[in-house]
Amino acid sequence: MPKHHVVIIGSGFGGLFAAKALRRADVEITLIAKTSHHLFQPLLYQVATGILSEGSIAPATREILRKQDNVKVLHGLVTGIDIEARTVTHRMHDAQITTSYDSLIVAAGAGQSYFGNDHFSTFAPGMKSIDDALELRARIFWAFERAERETDPERQRRLLTFVVVGAGPTGVEMAGQIRELASITLRNQFKMFDPDSARVILIDGSSQVLPPFGEYLGRKTQESLERSGVEVFLNSIVTDLNGRSVTYKNADGELVTIDSTCKVWAAGVQGNVLGKSLAEQTDAELDRAGRVIVLPDMTLPGHPEVTVIGDLAFVPGVPGVAQGAIQEARYVAARIADRVAGRPLSDQPFKYHDKGSMATISKFSAVVKVGKVQFTGFFAWVAWLGLHLLYIAGFKGRVTTLLHWVLSFIGRGRSERVTTNQQLVGRLALESLGQNVTAKLLRGEKGGTNEPRIEG
Ligand SMILES: Cc1cc2nc3c(=O)[nH]c(=O)nc-3n(C[C@H](O)[C@H](O)[C@H](O)COP(=O)(O)OP(=O)(O)OC[C@H]3O[C@@H](n4cnc5c(N)ncnc54)[C@H](O)[C@@H]3O)c2cc1C
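Residues numbered from 1 in each chain as written. Predicted model: local features only at pLDDT ≥ 70, side-chain atom pairs only at ≥ 80, totals over all residues.

Undergrad: Lay out helix α5 (residues 130-148) with the relevant residues and their values.
TA: Taking 1.5 Å of rise per residue, the 19 residues of α5 would be expected to cover 27 Å, and the 27 Å separating its terminal C-alpha atoms lies within 8% of that figure. Among the residues of α5, those classed as buried are Asp132, Ala133, Leu134, Glu135, Leu136, Arg137, Ala138, Arg139, Ile140, Phe141, Phe144 and Ala147. Structurally, α5 contributes buried residues whose contacts are with α2 (44-48), α3 (54-57), α6 (153-159), α7 (169-185), β15 (262-265) and α13 (421-433). (Helix = DSSP H or I, 4+ residues; strand = E, 2+ residues; numbered from the N terminus. Expected span 1.5 Å × (residues − 1). Buried ≥ 20, exposed ≤ 12 C-beta atoms within 10 Å, placed from the backbone. Contact = placed C-beta atoms within 7 Å.)

Undergrad: Describe in detail the domain arrangement of the protein chain, supporting the description with residues and values.
TA: Split by domain assignment, the protein chain resolves into domain 1 (4-34 + 76-112 + 270-340) and domain 2 (118-267). One C-alpha centre belongs to domain 1, the other to domain 2; they are set 35 Å apart. (Domains from an automatic or database assignment.)

Undergrad: Tell me what's going on with the packing of α5 against α13, and back it up with residues and numbers.
TA: Across the interface, α5 lies against α13 with an axial gap of 7 Å and an inter-helix angle of 120 degrees. The orientation of α5 with respect to α13, classified from their angle, is oblique. Between α5 and α13 lies a crossing whose hand is left-handed. Here Asp131, Leu134, Glu135, Arg137, Ala138, Arg139 and Trp142 of α5 come into contact with α13, specifically with Gln423, Leu424 and Arg427. Residues of the contact of α5 with α13, tallied by class, amount to four nonpolar, one polar and five charged. (Axes fitted to C-alpha atoms, helices over the stretch in contact; angles between N-to-C directions. Parallel < 35°, antiparallel > 145°, perpendicular 65-115°, else oblique. Left-handed = near helix turned anticlockwise from the far one by under 90°. Nonpolar A, V, L, I, M, F, W, Y, C, P; charged D, E, K, R; others polar.)

Undergrad: Any details on the sheet that holds strand β14 (residues 255-259)? Residues and values, ideally.
TA: The strands that make up a sheet pair up through hydrogen bonds in the backbone, lying either parallel or antiparallel. Across the sheet, which stays open at both edges, the three strands sit in the order β12-β13-β14 with antiparallel pairing between neighbours. Sheet topology places β12 (237-241) and β14 at the edges, where each strand pairs with a single neighbour. Each strand axis lies, on average, 30 degrees off the axis of its neighbour in the sheet, ignoring direction. Pairing of β12 with strand β13 (residues 245-249) involves four bridges; the strand directions are antiparallel. Bridging from a neighbouring strand, Val238 pairs with Tyr248 of β13. (Pairing = 2+ DSSP bridges.)

Undergrad: Any chance you could break down the site of the ligand for me, citing the residues and the numbers?
TA: Within the structure, the ligand sits among 34 residues, and Gly10, Gly12, Gly14, Gly109 and Gly310 are positioned closest to it. Residue assignment for the shell around the ligand shows that the elements contributing at least two residues are α1 (13-21), β2 (27-33), β4 (77-82), α7 and α10 (322-340). Along the lines of polarity and charge, the residues of the shell around the ligand split into 17 nonpolar, 14 polar and three charged. Both domain 1 (4-34 + 76-112 + 270-340) and domain 2 (118-267) contribute no fewer than three residues apiece to the shell around the ligand. (Near = placed C-beta within 6 Å.)

Undergrad: Outline the environment of Ala108, supporting the account with residue identities and numerical values.
TA: Within the secondary structure, Ala108 is located in the loop between β7 (103-106) and β8 (110-112). Under the C-beta neighbour-count criterion, Ala108 is labelled buried, with 27 such atoms within 10 Å.

Undergrad: Now, about unusual backbone geometry: what can you tell me, with residues and values included?
TA: Here Phe115, not a glycine, exhibits a phi torsion of approximately 50 degrees, which is positive. Looking at the element boundaries, Phe115 is found in the loop between β8 and α5.

Undergrad: Quick one: what's the story with the pairing of strand β20 (residues 303-308), residue by residue and with numbers?
TA: Looking at chain direction, β7 and β20 are connected through three bridges and run parallel. When the sheet's bridge partners are listed, Val106 is paired in β20 with Val308. The pairing of strand β19 (residues 299-300) with β20 spans two bridges and is antiparallel. Bridge pairing in β20 links Thr299 to Thr307.

Undergrad: Describe the nonpolar core, listing the residues and the values that go with them.
TA: Formed by 67 residues in total, the largest nonpolar core has its most connected members in Val164, Val165, Ala175, Leu202, Val264 and Val367. Sort the elements by how many residues they give to this core and α5 lands first, with eight residues. With sequence-adjacent residues up to four places away left out, Val367 is seen in contact with Leu210, Phe213, Leu217, Lys220, Thr221, Met358, Ala359, Ile361, Thr376 and Ala380. Formed by 51 residues, the second largest nonpolar core is a distinct cluster that contains Leu22, Ala25, Val73 and Phe314. (Core = buried A, V, L, I, M, F, W, Y, C linked by C-beta atoms within 7 Å.)

Undergrad: So what about the sheet that holds strand β9 (residues 161-165)? Which residues, and what values?
TA: Ordered by their spatial adjacency, four strands build an open sheet running β11-β10-β9-β15, and the pairing between neighbours is parallel. Every other strand in the sheet has two partners, leaving β11 (230-233) and β15 as the edge strands with one partner each. For this sheet, the mean inter-axis angle between neighbouring strands, taken without regard to orientation, is 20 degrees. As paired strands, strand β10 (residues 199-203) and β11 are joined by four bridges and run parallel to one another. By the bridge assignment, Leu202 is partnered in β11 with Val232. Running at roughly 175 degrees to β10, α7 makes contact with β9, β10, β11 and β15 of the sheet. Helix α8 (residues 214-228) rests against β10 and β11 of the sheet, and its axis sits at about 135 degrees to β11.

Undergrad: Which residues make up the pairing of β9, and what are the values?
TA: Counting buried residues along β9, five of its five residues qualify, which places the element largely inside the surrounding structure. Going residue by residue along β9, you find Thr161, Val163 and Val165 tucked away on one face and Phe162 and Val164 tucked away on the opposite face as well. Inspection of the sheet shows β9 paired to β10 by five bridges, in the parallel sense. Residue Val163 lies in a different strand from β10, and its bridge partner there is Ile201. Handedness of the β9-α7-β10 crossover: right-handed. As paired strands, β9 and β15 are joined by four bridges and run parallel to one another. Note that in β15 the partner of Val165 across the bridge is Trp265. (Right-handed = clockwise from strand over helix to strand, strands pointing away.)

Undergrad: Which residues make up the packing of α1 against α10, and what values go with them?
TA: α10 packs onto α1 with a crossing angle of 35 degrees between their chain directions and a minimal axis gap of 8 Å. For the element pair α1 and α10, the recorded crossing hand is right-handed. Facing α1, whose interface residues are Phe13, Gly14, Phe17, Ala18 and Ala21, α10 presents Ala322, Ala325, Ile326, Glu328, Ala329, Arg330, Val332, Ala333 and Ala334. Classifying every residue of the contact of α1 with α10 by side-chain character gives 11 nonpolar, one polar and two charged.

Below, the structure is given as structure tokens:
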């Protein structure tokens, strides 16, 4: 008898922890992901700002799962899910492979949302992947390098004005780190300008920074950012963006334009396009962010064999954080194991246990909220370090991260400042070549096709 076959899409927190939680179940697992690594997204900003290398936060998925005999890892982009036929189709370069499943766990995560202004992405990359972080690193350091040979003061000013859109944890961390780069890391390294003169601006439409952390921690974070020199503009909605500037509508309804070359987008989230495909084939609906509204047991209406977890699933009261994805993964894995073993399924819905949230502001400063306990400052920062170290997958990742942290936090240097032209323009170059371009380029042919872009 063939074993019950579980297909998992995604190797993020949802996909990886679902596979691990099924290690003792009598099932065969195929995990398909478009990236060959498991990415620890919370530390992406440290890759973007030269503290960590990409390898420290993105170990190979097959290495993590190497001792688990019941899982096969496949690298490829899932392009189709057929709910009736119970198959998943994925592509790797030229090859297209269709895999059938008995149970399907979709953990494909979410991408950046530009709220209908997708063209903004050309000028203000988001931060969801290793590619994004390396592109941002290249853009940030390139702006400083370019400013060194700029003789026109106005153009130099534009190059030295960094705008971060979105004052959630990622935006706060990015703004804090760019400020620290300018004031501390790059001190005395340029001859034609003082890096400390760079402007770092954080813009958000809401009335406080870090809205999910509440008013007190939001205020403390804003004060700390402003003390370090970050300019915080709240109640301000970005209305336009191009290669040279950002325009926003301020609290008084006035349009203000800031000249800036380097922009970072950390403002919105959009569920992976696979969610739309699931909604079209079932009675499941999507929320405004394109996340699949799942049943209380994380399945889709009429399809107990299909579960959606993590950032792609909408569950009331569950934030889009790693713990949400991990807990959902363990819940659905336990149910699949019970079903396969013939054990009665409990009618307990998924219940989220909030273990708290934290974000760093700058070196030696963070905010922590665990239930009613909230604190900020050095001890919050130490708690943040310890917890993040604990959750990085693999011993090697933890050791290299710790070493880099010691170097960066005790001294003022950053050891991961390599930037290349490929990082700077690779994404835009590939986009201009069109879809399905990789295999052609590898064969020595030129150009892509005009097929619609497949998001992933
Ligand atoms: C910059 C940043 C900072 C964050 N900081 C924190 C934090 O401090 N604390 C916290 O708790 N949470 C944080 N989060 C949120 C947390 O990382 C997410 O909630 C979590 O990663 C969600 O897990 P997931 O498995 O649903 O999605 P992801 O981790 O995004 O994984 C999605 C997976 O699906 C794969 N995939 C996508 N599309 C396809 C396709 N078509 N075919 C095949 N594979 C596909 C991807 O390659 C990836 O492996 C942060 C997120 C970001 C972006």
